Amino acid sequence: MRALSQALLNELIDSADALPASLTLPRYDRRQAAAGVIHFGLGAFHRAHQAVVFDALLAAGDMRWGVLGVAMRSTQLADALARQDGLYTLQIASAAGRRWQIVGAIRQTCVASREPQYVIDAVAMPATRWVTLSVTEKAYGPDLAALLVKGLAARQAAGLGGLTMASCDNLTGNGDKLRALCVGAAQSINASLAAWIVTHCAFPNSMVDRIVPAATGQHRLDAAQATGVDDACALGTENFWEWVIEDRFVDPADGALLASAGVTVVQDVLPFEQAKLCMLNGSHTAIAVLGAVMGLPTVSDCVANGQIHRFVHGLMTDVMMPQLRRPDLPAYRDALLARFANPDLRHKVHQIASDSSLKIPLRWVSTVTARLAAGQQVEALAFASAVWMRYLLSEDENGQPYTISDPMAATLQELAQQHRGDAAATVQALTALPSIWGEMLHADIRWTSRVTFWLERIQAVGVALALDEFNSAQ
Ligand code: CS2
């Protein structure tokens, strides 16, 4: 079987009649596509989300949306994609069946830690118009800032225009955070650079959504079977996608262009961002720790369990939705539960449980704090937090060990082990970590007593029975 490449794509385009109907190809002349977008955080999510939107814009004839995909450290995907001329096959799976799309937007790849100057020069190319980022929560630090700011400084020095800098990470106010990071780093270099960034660049907040599990060998096998092409970079996703972005672009015409490709351009992204972070990501983290402790490998395995399904429905309805402003929340909830149930995604609970110490503050704690301040109940999140504390023992209830992948893993595991079997002491020790829980919850007995109660029940009867008790009490 032949490996995916531009040459093979050309042959596929020429032999259109012989192609399976479920396969879509990039039929535009990729040689004409300039790298107008530099994407930081080349991984599965970008390839199944923003790159697909840019592919649609290219297919519509606007050749400014080619992508330079920058991997931050890992060389494997960047080099594998380079060997395939940036091409890869996306499997899109829904209840209606599977279809495949070869995406052509990525024109080049590189690795920031291996060739930083190349990245800086690319940001400073005249053709560059946008920077997009999906670098995950933990990457918003000095290394990222230094790279971006050096590129922007080179643009300023060359007398070029500014860039639209679009964070696509699951952070509250992701554009504002990116702006603060860049302006702060620029200030320490020189005040004129900071002022130039503020005046010439745009940092729209955005909400991005598409469930994209890490790519596996199975995606490669499935793609080969369906398309007859060997693709070392094949990956899979769901049919649903959403990108809501604030109407703040360096080139004001970009808003209408993105909208023509299905992006929602709004004045205020907050209602969408909050609903997604709480309802999708907040539920995901709860499902992930439940699944990890109960030994259920994927999200769809978890929501196939009636008790977990009921729990997540209640978490969204009783605790999350009253805090949110997105229109039509019951329909949004039901659509999310259907998306979680998609068996084709095989979305591993341990992938989602990674970096929980950075995710919980955004996904759970803001809701807990707001509701407690208003005197409202937070029982489902107390239960989920107790499960997370049990999860930190790094062994499921069948005795299978697992790895906790988290920048705070060592501290968290040590505290959980030290107070193993003592729910009150565990809750005291873990809620005392302000980077996760903020400053207030540790001393709030309404919170600590409920988490302790549920952790005690989990220790006494196991998560599954504690969950039955929880659900019956609601
Ligand atoms: C997930 C997200 O891994 C995780 O933490 O919650 O990657 C989620 O799948 C996406 O945000 C969906 O848009």
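Only a predicted model underlies this, so the values are computations on that prediction, with no experimental measurement involved.

Novice: I'm lost on the overall build of the protein chain in this one. Help?
Specialist: Assigned secondary structure in the protein chain consists of 22 helices and twelve strands. Over its C-alpha trace the protein chain gives a radius of gyration of 23 Å, about what one expects of a compact globule, namely 23 Å for 474 residues. Principal-axis analysis of the C-alpha atoms gives the protein chain an extent of 65 × 60 × 40 Å. Within the span of the protein chain, comprising 474 residues, buried residues form 56% of the whole. A separation of at least 24 residues holds for 77% of the contacts in the protein chain among residues at least 6 apart in sequence. In the structure as shown, the protein chain presents an accessible area of about 18,200 Å², 55% of it carried by carbon and sulfur atoms. Each charge class in the protein chain was averaged separately, 37 positive and 44 negative side chains, and the resulting centres sit 2 Å apart.

Novice: Looking at this structure, how should I read the side chain of Gln-50?
Specialist: Topologically, Gln-50 is positioned in helix H3 (residues 50-59). Here Gln-50 falls in the buried class, since its relative accessible area comes to 0%. Within the structure, the side chain of Gln-50 is placed 3.2 Å from the side chain of His-49, a separation counted as a polar contact. In contact with Gln-50, other than residues within four places in its own chain, are His-39, Phe-45, Cys-168, Val-208 and Trp-243.

Novice: Got a minute to help me understand the packing of aromatic side chains in this structure?
Specialist: Between two aromatic rings, the relevant description is the distance of the centres plus the angle of the planes. For the structure on display, the rule yields 13 aromatic pairs. A centroid spacing of 5.6 Å and a plane angle of 25° characterise the contact between Trp-130 and Phe-249, whose relative ring orientation is stacked. With Trp-130 in strand S7 (residues 130-133) and Phe-249 in the loop between strand S11 (242-246) and helix H10 (254-260), this residue pair connects regions lying 119 residues apart in the sequence. Accessibility classification places Trp-130 together with Phe-249 in one group, the buried group. Members of the aromatic cluster, each reached through a chain of ring pairs, are Phe-54, Trp-65, Trp-130, Trp-243 and Phe-249. One residue, Arg-47, lies across the ring of Tyr-88, its end atom 4.8 Å from the ring centre. Looking at Arg-450, its charged tip hangs above the ring of Phe-453, at a distance of 4.5 Å from the centre.

Novice: Could you clarify how one ought to interpret the domain arrangement of the protein chain in this entry?
Specialist: For interface size, the figure often reported is the accessible area lost on association. By the assigned domains, the protein chain splits into domain 1 (6-266) and domain 2 (270-473). Counting residues at the interface gives 28 residues for domain 1, matched by 24 residues for domain 2. Broken down residue by residue, the surface that domain 1 buries against domain 2 is led by Glu-137, Asn-170 and Ile-211, which jointly contribute 25%. On inspection of domain 1 and its partner domain 2, the count reaches seven salt bridges. The partner of Arg-346 in a salt bridge is Asp-222, and the shortest N-O contact between them spans 3.6 Å. Viewed at the interface, domain 2 and domain 1 are joined by ten residue pairs in polar contact (both at pLDDT 80 or more). Secondary structure elements with two or more residues in the side of domain 1 that touches domain 2: strand S4 (88-94), helix H7 (174-187), strand S9 (206-209), helix H9 (217-227), strand S10 (235-238) and S11.

Novice: What is the right way to read the site of the ligand from this model?
Specialist: Taken together, Asn-170, Asp-209, Arg-210, Lys-276, Leu-280, Asn-281, His-284, His-347, Ile-352, Lys-359 and Arg-363 make up all the residues around the ligand. A distance of 3.0 Å separates an oxygen atom of the ligand from a polar atom in the backbone of Arg-210. A distance of 2.9 Å is found between an oxygen atom of the ligand and a side-chain nitrogen or oxygen belonging to Arg-363. With the chains in place, 88% of the 340 Å² that the ligand exposes on its own is no longer accessible. With four residues, the top contributor of residues to the shell around the ligand is helix H11 (residues 270-294). Considered class by class, the residues forming the shell around the ligand number two nonpolar, four polar and five charged.

Novice: What should I look at first to understand the sheet that holds strand S6 (residues 106-111) in this one?
Specialist: Whenever strands of a sheet pair, they do so through backbone hydrogen bonds, lying parallel or antiparallel. Reading across the sheet, the five strands line up as S6-S3-S2-S7-S8 and stay open at both edges, with parallel pairing between neighbours. Unpaired on one side and paired on the other, S6 and strand S8 (164-167) mark the two borders of the sheet. On average, each strand axis in the sheet is inclined to that of its neighbour by 20°, with strand direction left out of account. By the bridge criterion, five bridges tie strand S3 (residues 66-71) to S6 in an arrangement that is parallel. Residue pairing in the sheet places Ala-71 in a bridge with Val-111 of S6. In this fold helix H5 (residues 116-123) packs onto strand S2 (35-40), S3 and S6, with an angle of close to 135° to the strand it touches most, S2.

Novice: Got a minute to help me understand the nonpolar core in this structure?
Specialist: Of all hydrophobic cores here, the largest spans 75 residues; its most connected members are Phe-311, Phe-340, Trp-388, Tyr-391 and Trp-447. Looking at this core, the element that brings in the most residues is H11, giving twelve residues. If we ignore the near neighbours within four places in the chain, the residues touching Trp-388 are Val-289, Ser-356, Ile-360, Trp-364, Leu-412, Ile-436 and Trp-437. Counting residues in each nonpolar core, the second largest holds 38 residues, with Ala-51, Ala-105, Val-111 and Trp-243 among its members.

Novice: Which parts of the structure should I look at to understand the packing of helix H19 (residues 423-431) against helix H21 (residues 445-461)?
Specialist: How two helices sit against one another is set out by the angle between their axes and by the gap between those axes. The N-to-C vectors of H19 and H21 enclose an angle of 130°; their axes lie 8 Å apart at closest approach. Considered as vectors, H19 and H21 are oriented oblique to each other. Regarding H19 and H21, the two cross each other, and that crossing is right-handed. Counted together, Ala-423, Ala-424, Thr-426, Val-427, Gln-428 and Thr-431 of H19 and Trp-447, Thr-448, Val-451, Thr-452, Leu-455, Glu-456 and Gln-459 of H21 form the full contact between these two elements. Residues belonging to the contact of H19 with H21 are distributed by class as follows: six nonpolar, six polar and one charged.

The rules behind the values
Residues numbered from 1 in each chain as written. Predicted model: local features only at pLDDT ≥ 70, side-chain atom pairs only at ≥ 80, totals over all residues. Heavy atoms only, no water. Helix = DSSP H or I, 4+ residues; strand = E, 2+ residues; numbered from the N terminus. Rg over C-alpha atoms; globule rule 2.2 N^0.38 Å. Buried < 20%, exposed > 50% of the residue type's maximum accessible area, 1.4 Å probe, protein only. Contact = heavy atoms within 4.5 Å. Areas by Shrake-Rupley, 256 points an atom, 1.4 Å probe, with all protein chains shown as cover. Lys, Arg positive; Asp, Glu negative; His and termini not counted. Charge placed at Lys NZ, Arg CZ, Asp CG, Glu CD. Polar contact = N/O pair within 3.5 Å; in protein donor to acceptor, adjacent residues only side chain to side chain. Phe/Tyr/Trp six-rings, centres within 6.5 Å; stacked < 30°, edge-to-face > 60°. Lys NZ or Arg CZ within 6 Å of the ring centre and 35° of its normal. Domains from an automatic or database assignment. Buried area = accessible area lost by both parts, 1.4 Å probe. Salt bridge = Lys/Arg side-chain N within 4 Å of Asp/Glu carboxyl O. Near = heavy atom within 4 Å. Nonpolar A, V, L, I, M, F, W, Y, C, P; charged D, E, K, R; others polar. Pairing = 2+ DSSP bridges. Axes fitted to C-alpha atoms, helices over the stretch in contact; angles between N-to-C directions. Core = buried A, V, L, I, M, F, W, Y, C linked by side-chain atoms within 4.5 Å. Parallel < 35°, antiparallel > 145°, perpendicular 65-115°, else oblique. Left-handed = near helix turned anticlockwise from the far one by under 90°.

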